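# Coordinate analysis (summary)
Given next are the chains, with one letter for each unit.
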Amino acid sequence: MRSNISIFFACAILILAQTIQVADSACSCIQRDGTALASSVCCTLGSQTCPVTVRSKAVCTVDDQMCPRPLRPNSVGHFISGSISWRQIQGNTVEFEVVSTWRLSFNWPFKAPVSTYTGPCGFPGVGDTVPLVGIASSMTGSSSYMNSTSSPVQSKIGDAFLQFKSGEQGKNFEVSMKVLSLSVEEDWITGVSYIPVTYSQPYARKSAYFPSSISSYAAALSTASSNQPYQTVPWVAQFVGCCRVLQTLESDQTGAWDFNLTATVDLTDAVGSPRLVTLPVHWIPAPTVDTDDSAEAEVEVCAVLRTPGMLRKSGGTLNFPSDDNQPVALSWQILGPYSDRARLAPPVAAAAPNCRTVLVKSAKRRFLSSSGDSAVLVNNLAVAASLGPGCPWGDAPGSCVAASAELTLDRVPAGAGPPPASPSGKPFSCAASSGRLEVSAGFGLNAAVGTGAGCLDVVAGSASGPGLELRYVAATPGGQTGLVSTAPGQVAYTVGSTGTDFLGLPGGASLSPFYGLLDIQVAYSNRAMLGGVPLSADRIDYSSVVGNADIQGSALLAQGYVLVPSSDFNAAAGSGGASVALYALYGPTDGGGQVGGGSAVFSGSAVTGLLLVAAADVVVGANGAISSASLSALGYTILPRSLLEGSGLGAVYLAVRRGSGPPVTAVTGNPATGSASGWTQLTATSRSGVTPTLYYSLSPERVVARRLNWTPCSQDPVQMVLCAAAVPAANRTTPRLQALMSAPAFYGSTGRCLLVEVAPAAAPAFSRCDL
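Calculation notes
Residues numbered from 1 in each chain as written. Predicted model: local features only at pLDDT ≥ 70, side-chain atom pairs only at ≥ 80, totals over all residues. Heavy atoms only, no water. Helix = DSSP H or I, 4+ residues; strand = E, 2+ residues; numbered from the N terminus. Buried < 20%, exposed > 50% of the residue type's maximum accessible area, 1.4 Å probe, protein only. Contact = heavy atoms within 4.5 Å. Areas by Shrake-Rupley, 256 points an atom, 1.4 Å probe, with all protein chains shown as cover. Pairing = 2+ DSSP bridges. Disulfide = S-S within 2.5 Å. Axes fitted to C-alpha atoms, helices over the stretch in contact; angles between N-to-C directions. Phe/Tyr/Trp six-rings, centres within 6.5 Å; stacked < 30°, edge-to-face > 60°. Lys NZ or Arg CZ within 6 Å of the ring centre and 35° of its normal. Salt bridge = Lys/Arg side-chain N within 4 Å of Asp/Glu carboxyl O. pLDDT = per-residue confidence, 0-100. Core = buried A, V, L, I, M, F, W, Y, C linked by side-chain atoms within 4.5 Å.

So, on to the overall build of the chain. Across its full length, the chain holds 7 helices and 51 strands. Every one of the 771 residues in the chain was classed for burial, and the buried ones make up 55%. Long-range pairs, those at least 24 residues apart, make up 73% of the contacts in the chain with a sequence separation of at least 6. For the chain, the exposed area adds up to about 31100 Å²; of that, 55% sits on carbon and sulfur atoms.

Structure representation (structure tokens):
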């Protein structure tokens, strides 16, 4: 069982925000029109001087930290998305997992007089444990939970109507979550909760079963339990509460503001459930004509089994072996208040049943309320998956689901426009018709779909659009990430073994750019050593040559590399030694992997970072390899050739990073020789005080492009889901505050999901050649 179980035990009435104000030191607040507010009006958790109207119209900082503020002024609740799944621990004990996303700017409760959260302005930070609380609503019909509060948002005191209900009487829990990721700019926080429950028996109840395939029954009362067929009715667990961040506004519909994550448990039938994976928010374009009910937007959802290779042990029956040990065949359904505005797209044989596309009506739904004829946009979606077809113990919504998920549907703001899809098709185009790709252990994904097919690429944006970055969620049977980014800046999250790169992907997998600087090499001239000159072992002089007559440089030029300007650092030092030159290989590649006009073939990841490293900061191995534990932890590899070769002035090395962020697009030793802007300067000092200087620039990524690379091994997860979307990253090219002031709202492109299933490598085949 996990040791970090996140359960928050509290009484039913909970103070939602302390009345003691957090100290507002070094505070400033700027309205969206650029005018400053008094420093006393700061968006600090617990502050009594920061009304909601101010938070939605201003950007505040405390001690140089940007403070959370409601991104949507019309936000009524704080729940954005969530999913629930479970696995058996032992006996009748199961562990439920809830991955959920909330509005960060909510008045999160804390017990101390002053917030102990580690995030900005006293709000929760990555790694913090946060109690999940709901707010009661007094608005008639809007919520199943009522009290006397005037509003369900930002209330100081209210009933904590947010519980995990196991389905067995007396076993309900209030829950907390461990924060996995968050974004102040985008106003969300994602975390995971683990809730262990020990049931009194494997299922809730059973009833006699008389299948038509058996002609007669002859079970004495004394042996009925072992001979009479029964149908088992599972425990129905729910994580329920109020309120969704965007409301339906249909006040006559009871429960329209409430969310409900449901999972059923029958331990005679299964040892776990699927984990449903999708993005927490899907942006869908508004129809050209708001009354056009034919317009539909796509929402993709995939599932991985928490126990790989799981079978249905009993098929939901006892003493009826004909349906025992059957493969799991997921059956999907749509739940929630908008189930009439969404439908499952017909499954594709190659994907069924693990990935499905939901088609959602983009237009408003018209309804008749007490105030007359009204219309409302579809702004949330609930999906569920069962382990098999049918629901023998009842047809009530949710009574048969093994796992479920809810997510928010948002609209792209007027005038902003979503990043357009790739000209070659939607992301993950190799699985565009199925959402699924199968690969054998030991073989790379690109080999499975054909080299250069480009179908494992996520591409979005336009040359005239804003700078973009990619948001993604990754999941395997062992776990799921929060919402993370390929370019950390607006998102904070727990780092993995490769730092901020490739979080949540299986070992060896990457989601990397494939254009820009693809490779960089250090070359020395092949000049003959001058004879009769007494020199120390590390100070070697070379005869001069003209042009490209050196072997190393000429070979690189033939492969499409170009000389990096002003990269002979020995010449700059004026102390002899080899003629040093950096050669860069730039992309993008064409469909066959060819780069430029040369002969090099590129199938890896582009360079996303460079560093200069002094010899004092590295370790030289017996085989000449150069390494640094601290740089390796950040994803850097050190090229084993000194930029001061043969000078006798010490050594400086170039380190290269191939991560998930924006690619390097230009490198130079003198920024005056290049046309790129926004240069990053690199320096390192040798033991003799020589300081080479190098400059590079990063892509603004108005078109963001990433490729999924992975060669799974036999011990790797048998399933992996990756869901991704492109979002604006304006703070890369404009100051952070200015970007927030000018942005009409946060938005993103259509999200897509890909399921990769790993099949065991085929056994070798042998044949006799003498037959």
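Next up on the list: the sheet that holds strand β15 (residues 230-233). Picture the strands of a sheet paired through backbone hydrogen bonds; they go either parallel or antiparallel. Spatial strand order, β14-β15-β22: 3 strands in an open sheet with antiparallel pairing. Two strands lie at the open edges of the sheet, namely β14 (205-208) and β22 (317-318), each paired on one side alone. As defined by bridge partners, β15 adjoins β22 across 2 bridges and the pair is classed as antiparallel. Across the sheet, Y230 pairs through a bridge with L318, a residue of β22.

What follows covers the state of the cysteines. Enumeration over the complete set of coordinates arrives at 2 disulfides. With a sulfur-sulfur separation of 2.0 Å, C302 is cross-linked through a disulfide to C355. Since a negative S-S torsion denotes a left-handed disulfide, the C302-C355 link at about 110° is right-handed. In this pair, C302 is assigned in strand β20 (residues 296-305) and C355 in strand β26 (residues 355-361), connecting sequence segments 53 residues apart. C355 shares its class with C302; the two are buried.

On to the sheet that holds strand β46 (residues 664-668). Read across the sheet, 3 strands follow the order β46-β48-β47 without closing on themselves; strand pairing throughout is antiparallel. The open sheet terminates on both sides in strands that have one partner only, identified here as β46 and β47 (680-683). Here the average twist between neighbouring strands, direction ignored, is 25°. Summarising the sheet, β47 and strand β48 (residues 693-698) pair through 4 bridges and their orientation is antiparallel. Its bridge partner lying in β48, Q681 is registered against Y695.

Taken as a whole, this structure holds 9 aromatic pairs when the rule is applied. Measuring from ring centre to ring centre gives 5.0 Å for F106 and W108, while their planes differ by 85°; the resulting arrangement is edge-to-face. For the pair shown, F106 and W108 are each scored as buried. Here F239 and F259 contribute two aromatic rings whose centre-to-centre distance is 6.0 Å and whose plane-to-plane angle is 55°, an arrangement assigned as tilted. Placement of F239 in strand β16 (residues 235-242) and of F259 in strand β17 (residues 258-265) is noted, with a sequence separation of 20 residues between them. Taking the relative accessible area as the measure of exposure, F239 reaches 1% and is therefore buried. What links up through ring pairs into an aromatic cluster is the set F79, W102, F106, W108, F239 and F259. A cation over a ring is seen here: K206 above Y230, with NZ or CZ 4.3 Å from the ring centre. Above the plane of the ring of F514 lies R707, whose end atom (NZ or CZ) is 4.0 Å from the centre.

Bringing the pattern of salt bridges into the picture now. Within this structure, the stated rule accounts for 13 salt bridges. Taking the shortest distance from any N to any O, the salt bridge between D501 and R657 comes out at 2.8 Å. Of the two residues, D501 sits in the loop between β36 (492-493) and β37 (510-512) while R657 sits in strand β45 (residues 652-657), which places them 156 residues apart along the sequence. Taking relative accessible area as the criterion, R657 reaches 18% and is therefore assigned buried. Salt-bridge contacts for D519 lead to R658; the nearest nitrogen and oxygen are separated by 3.1 Å. One end of the pair, D519, is in strand β38 (residues 517-524); the other, R658, is in the loop between β45 and β46, and 139 residues separate them in sequence. Given a relative accessible area of 31%, R658 falls into the partly exposed group. Through salt bridges with shared partners, one network takes in E186, E469 and R471.

Moving on: the confidence of the model for the chain. With 61% of its residues at a pLDDT of 70 or more, the chain has an overall mean of 73. Looking over the chain, one finds the lowest element-wise mean pLDDT in strand β1 (residues 13-15), namely 30, and the highest in strand β7 (residues 93-102), namely 96. For the stretch residues 448-453, pLDDT sits under 50, and the model shows 9 contacts to residues farther than four places along the chain or on other chains.

On to the pairing of strand β40 (residues 580-586), then. Most of β40 sits out of view: 6 of its 7 residues are buried. Bridge analysis of β38 against β40 gives 7 bridges, and the strand direction is antiparallel. In the strand pairing of β40, V522 is matched with L582.

What follows deals with the nonpolar core. The biggest cluster of nonpolar side chains holds 68 residues, and the ones touching the most others in it are F96, W102, W108, F164, F239 and L381. Non-local contacts of L381, meaning those with residues more than four positions away in its chain, are made with V299, I334, A342, V358, V360, A405, E406, L407 and L409. With 42 residues, the next largest nonpolar core counts V484, L511, V704 and M720 among its residues.

Looking at where A303 falls in the secondary structure, it is placed in strand β20. For A303, a relative accessible area of 0% gives the class buried. Once you skip the residues sitting within four places of it in the chain, A303 turns out to touch P274, R275, L276, L330, W332, N354, Q719, V721 and L755.

Next up on the list: the environment of P211. Relative to the assigned elements, P211 resides in the loop between β14 and α2 (224-227). Taking the C-alpha atoms as reference points, P211 and F320, 109 residues apart in sequence, are found 9.1 Å from one another.

So, about the side chain of S85. Summarising the element assignment, S85 is placed in strand β6 (residues 79-90). On the basis of relative accessible area, S85 is assigned to the buried category, the value being 2%. In this structure S85 touches E95, F96, E97, S273, P274, R275, R306 and A403, once residues within four positions along its chain are discounted.

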